[in-house]
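Residue-level listing of the chains:
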Amino acid sequence: MSTFQIDTATSRAHPTPAPMRRLTVPAIRDAKGKTPVVVLTAYTIRMAQILDPHCDMLLVGDSLGQVLYGLDSSVPVSLDMMIAHGAAVVRGSYHSLVVIDMPFGSYEESPEQAFRSAARILKETGAAAVKLEGGEAMAPTVAFLTARGIPVVGHVGLTPQAVNILGGYGARGRSEAERAKLIRDAQAIAEAGAFAVVVEGVVEPIAVEITRAIAVPTIGIGGSVECDGQVLVIDDMLGMFDRVPRFVKKYAQLSQQIDDAVADYAADVRARRFPTVEQTYQPKG
Ligand SMILES: Nc1nc(=O)c2c([nH]1)NC[C@@H]1CN(c3ccc(C(=O)N[C@@H](CCC(=O)O)C(=O)O)cc3)CN21
Ligand SMILES: CC(C)C(=O)C(=O)O
Ligand SMILES: [Mg+2]
């Protein structure tokens, strides 16, 4: 392969020049105090195409482990999985800023390990930024990445990659010690250079306090309406699951619609009502 050959993973599907310029990291950072930041997860090209015009950021979340692959947690998700889905979401969008979750095990060891993983993500997907979980302990890594050209979104509170430490997905910040720690975590990540911080699964007053304490937008999920933006897992808000966390609002009942459609199809096939002349090729006459 020639040195200058472009990897097919980063080539775009859009045949014409994009009519809208993609939102930038400074644009998201500067939204604080002005306009709420709209974020949804996306994992596939078609979904990215549908969500893109409505959103400011598309997050390729490691929640794809549970949502797409049926894994028990996000812990087993690999860098290759994130890159494959990240490239698809970049190809399906031209307005939203695409942020890709760094999966468990790809960044915690050292700032150098994080840089290698994040550089692969940006080079092989075309996305503009990564997200990583953690508070004070990850601040030096956030500073290392941002100083080297990699924009970072932080993620504090209920950090699902730490499920084996936390013991579950319950809300954080119910004790005074936990409250103080969560504020320190968010401040450390923001001061290290993160351009936004996801605040997940914390009691509401803490989400408000963090939002007031840091200079960059907070993106709430199980946070507060006072956060600077909101994010939800797309399949959750579309009603693809029966059981969802308390912080989810269902804006559609897609699993019910799919169930109805597939039941109709199965009945048509069994009754020989499908296909009709409309869906078959007839000889020229
Ligand atoms: N589909 C999906 N949605 C998510 O929001 C999500 C994922 N997957 N995977 C990664 C993490 C895991 N998250 C989760 C998972 C479960 C709960 C949950 O069941 N919460 C319960 C309370 C649980 C408890 O108190 O122990 C709830 O009723 O809200 C919350 C967040 C958030 N993220
Ligand atoms: C829920 C969001 C914040 C996330 O990290 C994910 O989808 O993995
Ligand atoms: Mg995640």
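Residues numbered from 1 in each chain as written. Chains lettered and ligands numbered in written order. Predicted model: local features only at pLDDT ≥ 70, side-chain atom pairs only at ≥ 80, totals over all residues.

1. Observations concerning the overall build of the protein chain
Scanning the protein chain from N- to C-terminus turns up 11 helices and 8 strands. In terms of its C-alpha atoms, the protein chain occupies a principal-axis envelope of roughly 75 × 50 × 35 Å. By residue count, 42% of the 285 residues in the protein chain fall in the buried class. (Helix = DSSP H or I, 4+ residues; strand = E, 2+ residues; numbered from the N terminus. Buried ≥ 20, exposed ≤ 12 C-beta atoms within 10 Å, placed from the backbone.)

2. Here's the deal with unusual backbone geometry
Note that the residue after Phe-274, namely Pro-275, is joined by a cis bond; omega there is 0°. Of note in the backbone geometry, Arg-272 takes a positive phi value of approximately 55° without being a glycine. As for its position among the elements, Arg-272 is in the segment after helix H11 (254–270).

3. Some thoughts on the UniProt feature "binding site: Mg(2+)" (unreviewed entry) in the protein chain
The UniProt record marks Asp-62, Asp-101 and Glu-133 with the feature "binding site: Mg(2+)" (unreviewed entry), using the residue numbering of this structure. In three dimensions, the annotated residues from a span of 72 residues occupy one location, with a maximal C-alpha spread of 10.8 Å. Tracing the chain through its elements places Asp-62 in the loop between strand S2 (57–60) and helix H3 (64–67). Using a count of 29 C-beta atoms within 10 Å as the deciding quantity, one classes Asp-62 as buried. Asp-62 has contacts with Ser-74, Val-77, Met-82, Asp-101 and Pro-103, leaving out every residue within four places of it along the chain. With respect to the element layout, Glu-133 can be found in the loop between strand S4 (129–131) and helix H6 (139–147). Residues within four places of Glu-133 in sequence aside, it is in contact with His-155, Thr-159, Gln-161 and Ala-162. (UniProt positions renumbered as here; feature names shortened; annotations may be inferred. Contact = placed C-beta atoms within 7 Å.)

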